[in-house]
Amino acid sequence: MATIEECRAALGKFSDTMRGAEGEVRAAAALDRSVSCHITDLDVTFTGRMTGGRIEVDDTRPGPPREKAQIRLALAGDDLVALVDGELNFATAWGSGRVRLEASLLDLFRLRKLL
């Protein structure tokens, strides 16, 4: 099971990848939205903002998200690490229910380029 530190590092790596993106992926990463990532097996939530082409994690709290972020992700820690490392396909994980992603319809269309 991934640790909180490994999950935070995975989010940092994903943020760095977003920042280096080009073309349509860079445009998708340029959203300015509140973000929450609930790590279900650790029952901890990272909150922050997607802004400037990256994700800035502001806080880590126990339990599910306290406020509804504009982009909400929920998954196990090992799945987060595997997604970021390219070992788990997002569409497969989402389709099987291992990953939950909630956002407005427009944001979901933009985010699909990132994932």
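Residues numbered from 1 in each chain as written. Predicted model: local features only at pLDDT ≥ 70, side-chain atom pairs only at ≥ 80, totals over all residues. Heavy atoms only, no water.

Enquirer: Explain helix 3 (residues 77-84) here, please?
Expert: Because an α-helix completes one turn every 3.6 residues, residues spaced three or four positions apart along the sequence face the same direction. Most of helix 3 is tucked away, with six of its eight residues classed as buried. Against helix 1 (4-19), strand 1 (33-39), strand 4 (71-75), helix 4 (90-95) and strand 5 (99-102) lie the buried residues of helix 3. Trailing helix 3 by a residue or two, Gly-86 shows a phi angle of about 80°, which is positive. (Buried < 20%, exposed > 50% of the residue type's maximum accessible area, 1.4 Å probe, protein only. Helix = DSSP H or I, 4+ residues; strand = E, 2+ residues; numbered from the N terminus. Contact = heavy atoms within 4.5 Å.)

Enquirer: What exactly am I supposed to notice about the environment of Asp-78 here?
Expert: By the secondary structure assignment, Asp-78 is in helix 3. Between the alpha carbons of Asp-78 and Pro-65 there is a distance of 19 Å; along the sequence they are 13 residues apart.

Enquirer: For this particular structure, what's the right way to read the side chain of Ser-15?
Expert: Residue position: Ser-15 is located in helix 1. At 2.9 Å, the side chain of Ser-15 and the backbone nitrogen of Ile-55 are in polar contact. Apart from the residues within four sequence positions on either side, Ser-15 is in contact with Gly-53, Arg-54 and Ile-55. (Polar contact = N/O pair within 3.5 Å; in protein donor to acceptor, adjacent residues only side chain to side chain.)

Enquirer: Can you walk me through the pattern of salt bridges in this structure?
Expert: Across all of its chains, the model carries eight salt bridges by this definition. A salt bridge links Arg-49 to Asp-32; the nearest nitrogen and oxygen atoms lie 3.0 Å apart. Here Asp-32 lies in the loop between helix 2 (23-29) and strand 1 and Arg-49 lies in strand 2 (residues 44-51), a separation of 17 residues in the sequence. Looking at Asp-32, the relative accessible area reads 41%, which means it is partly exposed. Close ionic contact of Arg-72 with Glu-102 constitutes a salt bridge, the shortest N to O distance being 3.2 Å. With Arg-72 in strand 4 and Glu-102 in strand 5, the pair connects residues that are 30 residues apart, well separated along the chain. Note on Arg-72: relative accessible area 18%, which makes it buried. (Salt bridge = Lys/Arg side-chain N within 4 Å of Asp/Glu carboxyl O.)

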